Amino acid sequence: MTDDLLLIVPGVAAAGLGVAFGWLTRTQLWKRRLRRKQAFFGLPDNSESLLVVNREAGGPELTVLRHDVFALLELAALIKDCNANAQIVAHDAAQQGFGERTEFCVGGPASNRRMAAHLSSLLPGVRVDVDAEPGPERGAFRIGEETYLLDSGKSEYVLLARLTAGQRREARPVFLFCGQRAITNQAAARYLARNHERLARKHGGASFALLLRVVNSQAYGPDVVELVADVTRAAQTPPPAPDPALEPKPDPKPRTRSPRTTPRAS
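Residues numbered from 1 in each chain as written. Predicted model: local features only at pLDDT ≥ 70, side-chain atom pairs only at ≥ 80, totals over all residues. Heavy atoms only, no water.

1. Digging into unusual backbone geometry
Our working definition: Think of it this way: any DSSP run of H or I at least four residues long counts as a helix, any run of E at least two long counts as a strand, and we number them from the N terminus. Note on exposure labels: buried denotes an accessible area under 20% of the residue type's maximum, exposed denotes more than 50%, and partly exposed covers the range between, all computed with a 1.4 Å probe on protein chains only.
Here the phi dihedral of N46 falls at roughly 60°; this positive angle occurs in a residue that is not glycine. Along the polypeptide, N46 turns up in the loop between α1 (2-41) and β1 (48-53). The exposure class of N46 is exposed, given its relative accessible area of 62%. One non-glycine residue with positive phi stands out, namely N216, at about 50°. One can find N216 in the loop between β9 (208-215) and α5 (217-220). On the basis of relative accessible area, N216 is assigned to the partly exposed category, the value being 22%.

Dropping the structure here:
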């Protein structure tokens, strides 16, 4: 019996050490992944972040569309996984600069004033036709020299960006989810949730802007998303100033002559 114990005890001890070593290894790997995730999103433990929501176009109250709510849920889960906190703020009530808190801004510039400001100051190469007449040009994205038209329910585009405005490395980033429709905002949030590790490996702490296409959303919802292009350089490049020589010149104002008067003989 004593010999059997001498054989069993070392085996049990070795198994216990193996379990403990495996647990410690998994814990260290989990912590390392968490730290990388927190660094990518700018969300250390117990930090605060903003979820900036848009307003349904034409609505006087803070009415968030259903798919934008789903996008916020996707982002709230990411924030919770980072052991951080989130505050929901209306687009016209968010008044803060860059780098103080991580910001997730959802919605196009037509219904999100904060998004319009971000595009103007951080991505001047992006233009969204929000004032066009109803038709194929309505809601089109113009990035650099390329134009991306909206084909509702079949082919829709959304811009997913992580921006730090060229500030210090520890500054908190701003994430933009600027879609042609609300369902594309949800698609971009889901794409970020699924691919943040790959994006972190590729871009690190640098800014990026990705153009995504949502395929056949009327059948597949926000699930089928493809990467169209990395448009960071084009989106951050301001459009060239118009050449004054090419602008039409106004017609010169015709000069009026006073009628001649012949001197009257005295």
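2. Considering helix α4 (residues 182-203)
Rules: Any helix carries an expected span of 1.5 Å times its number of residues minus one. Here the bend at a residue is taken as the angle between two axes, fitted respectively to the seven residues that end there and the seven that start there.
Between its first and last C-alpha, α4 extends only 26 Å over 22 residues, short of the 32 Å set by a 1.5 Å rise per residue. The axis of α4 is deflected most strongly, by about 70°, at N195. Just beyond α4, the residue with positive phi is G204, at close to 60°.

3. Looking at the environment of H67
Let me state the cut-off plainly: For the purposes of these results, a polar contact is taken to be a pair of N or O atoms within 3.5 Å, where, inside protein, one atom must be able to donate a hydrogen and its partner to accept one; residues adjacent in sequence count only when each atom of the pair is a side-chain atom.
Here H67 lies in helix α2 (residues 66-81). For H67 and P222, which are 155 residues apart along the polypeptide, the C-alpha to C-alpha distance reads 9.1 Å. At 2.8 Å, the side chain of H67 and the side chain of Q186 are in polar contact.

4. Observations regarding the layout of surface pockets
To keep things clear, this is the line we draw: Cavities and pockets were defined on a 1 Å grid built over protein atoms only: a cavity is a set of grid points that admits a 1.4 Å probe from which the probe cannot escape, a pocket is an open set flanked by protein on both sides within 12 Å along at least five of seven lines, and lining residues are those with an atom within 4 Å of any such point. Grid points are joined across faces, edges and corners, and a volume is the space filled by probe spheres set on the points. The nonpolar class holds Ala, Val, Leu, Ile, Met, Phe, Trp, Tyr, Cys and Pro. Asp, Glu, Lys and Arg form the charged class, and all remaining residues, Gly among them, are polar.
The space that makes up the second largest pocket amounts to roughly 300 Å³. Along the walls of the second largest pocket sit twelve residues, with R33, L34, K37, H196 and E197 positioned nearest its centre. Elements with a minimum of two residues in the lining of the second largest pocket: α1 and α4. Among the elements that take part in the lining of the second largest pocket, α1 stands out by supplying six residues, more than any other. Looking at the lining of the second largest pocket residue by residue, the class counts come to four nonpolar, two polar and six charged.

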